[in-house]
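Take a look at the letters that make up each chain.
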Amino acid sequence: MTLDALSLGATLYLPCTRDDLARTLLGRRFPALRSAVLCIEDSVREADVPHALSNLATFLRRLAEQGRDTLPHIFVRPRDAAMLERILLMPGIEQVDGFVIPKAHADSMPAYTSLHFHDNHRLMPTLETREACDAHEMRRFRDQLLGVQDRILALRIGGNDLLQLIGTRRSATRTAYDGPLATIIGSLVATFAPWDFTLSAPVMENFADAALLREEVARDIDHGLLTKTAIHPDQIAIIQAAYAVSARQLAEAEAMLSGDGPAVFASGGAMCEPATHRRWAERIVRRADLFGIADALPALRQA
């Protein structure tokens, strides 16, 4: 499976204290799952860290024995740089795709980027501290990350941690874009996306409301966030189904990317201009390749 941020789909977080990691991931308990994070940070109590690390070591040995064919992308989320340095010495660690960096900002990140990673390892810093609310700090962080951009797969937005900073919690009946997270998400997109960093949408902790999740993912897509954290297996199919494209979108995208197409054309009453819509078109084609076509609308007719 080619590794880019779009290919992550719904990224399921699994505490490393679980004793069924091998059955869940190596046994493909969730066949639609495209990526997973084995977490030893907030989802693990301090007293349970030794057990979590032991479970991780056992899983890595099993992973090395089985190999990576057909498995989802696998990442590890350590507590801090010292723990990650220890994890990097575990047999089989070269089999994982990379690491989620917790509480990442310009002052904390150098401790991670100075470690000795395998060539295939990619990093996903998590924006979840008060620095994420400070435009100057995020520009400073962006400029730092530009020096290691080839190593950065995506920036993950830690919505619950950001809300905790202001003493609140996600509404159970509204999307992340109907509260204080909206401003923060918009600012982070504006700070990082134009510099070719991909951002991941925050988790929706209310996993029982499928309609609300679909609405939120639609808002994610409007912000260019095309991968999302999941905390429950039931969220996987809903999130990834939303990434499928319509036949009309795909036809428009292919027309825009055609080398001999017009500079401007109309489709469905809207202007299509390859010079300004090319990046959108490239993403639509990639989404179609990964997640398929959501409908069977008539093919595009240029006018």
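The structure under discussion appears in the preceding block.
Predicted model only: the values in this text are computed from it and were never measured.

(A) Region of the structure containing the sheet that holds strand S8 (residues 228–230). The eight strands lie next to each other as S7-S6-S5-S4-S3-S2-S1-S8, forming an open sheet whose pairing is parallel. Strand pairing shows two members of the sheet lacking a second neighbour, strand S7 (199–200) and S8, which therefore form its edges. Taken together, the two bridges between strand S6 (residues 155–157) and S7 define a ladder with parallel strand orientation. Looking across to S7, one finds that Leu155 is bridged to Leu199.

(B) Fine view of the packing of aromatic side chains. The final tally for this structure, using the stated rule, is three aromatic pairs. Measuring from ring centre to ring centre gives 5.9 Å for Phe192 and Phe197, while their planes differ by 90°; the resulting arrangement is edge-to-face. Arg142 extends its terminal NZ or CZ atom over the ring of Trp195, reaching a point 3.8 Å from the ring centre.

(C) Layout of the environment of Ser200. Position of Ser200 among the secondary structure elements: in strand S7. Residues Ser200 and Ala253 lie 53 residues apart in sequence; the distance between their C-alpha atoms is 23 Å. Here Ser200 is in contact with Leu155, Arg156, Ile157, Thr227, Lys228 and Thr229, once residues within four sequence places are set aside.

(D) The arrangement of the environment of Thr168 in detail. For Thr168, the location among the structural elements is in the loop between helix H6 (159–165) and helix H7 (181–192). With a relative accessible area of 36%, Thr168 lands in the partly exposed category. Along the sequence, Thr168 and Ala52 sit 116 residues apart, while their C-alpha atoms lie 29 Å from each other. Setting aside anything within four residues of it in sequence, one finds Thr168 in contact with Leu163 and Pro180.

(E) Layout of the packing of helix H5 (residues 135–145) against H7. Two elements in contact, H5 and H7, have axes separated by 10 Å at closest approach and are oriented at 35°. Where H5 crosses over H7, the two elements pack in a sense that is right-handed. Each of Met138, Arg139, Phe141, Arg142 and Leu145 in H5 lies in contact with H7, whose residues at this interface are Leu188, Thr191 and Phe192. Across the contact of H5 with H7, the residue classes tally to five nonpolar, one polar and two charged.

(F) Structural view of the pairing of strand S3 (residues 73–77). Most of S3 is tucked away: five of the five residues are buried. Alternating positions in S3 separate into two faces, His73, Phe75 and Arg77 on one and Ile74 and Val76 on the other, with burial throughout. One ladder, built from five bridges, connects strand S2 (residues 35–39) with S3; its direction is parallel. Directly across from Ala36, in S3, lies its bridge partner Ile74. Crossover connection from S2 via helix H2 (residues 49–66) to parallel S3: handedness right-handed. Pairing geometry for S3 and strand S4 (residues 98–101), over two bridges, is parallel. Bridge pairing links Val76 to Phe99 in S4.

Scoring rules and cut-offs
Residues numbered from 1 in each chain as written. Predicted model: local features only at pLDDT ≥ 70, side-chain atom pairs only at ≥ 80, totals over all residues. Heavy atoms only, no water. Pairing = 2+ DSSP bridges. Helix = DSSP H or I, 4+ residues; strand = E, 2+ residues; numbered from the N terminus. Phe/Tyr/Trp six-rings, centres within 6.5 Å; stacked < 30°, edge-to-face > 60°. Lys NZ or Arg CZ within 6 Å of the ring centre and 35° of its normal. Contact = heavy atoms within 4.5 Å. Buried < 20%, exposed > 50% of the residue type's maximum accessible area, 1.4 Å probe, protein only. Axes fitted to C-alpha atoms, helices over the stretch in contact; angles between N-to-C directions. Left-handed = near helix turned anticlockwise from the far one by under 90°. Nonpolar A, V, L, I, M, F, W, Y, C, P; charged D, E, K, R; others polar. Right-handed = clockwise from strand over helix to strand, strands pointing away.

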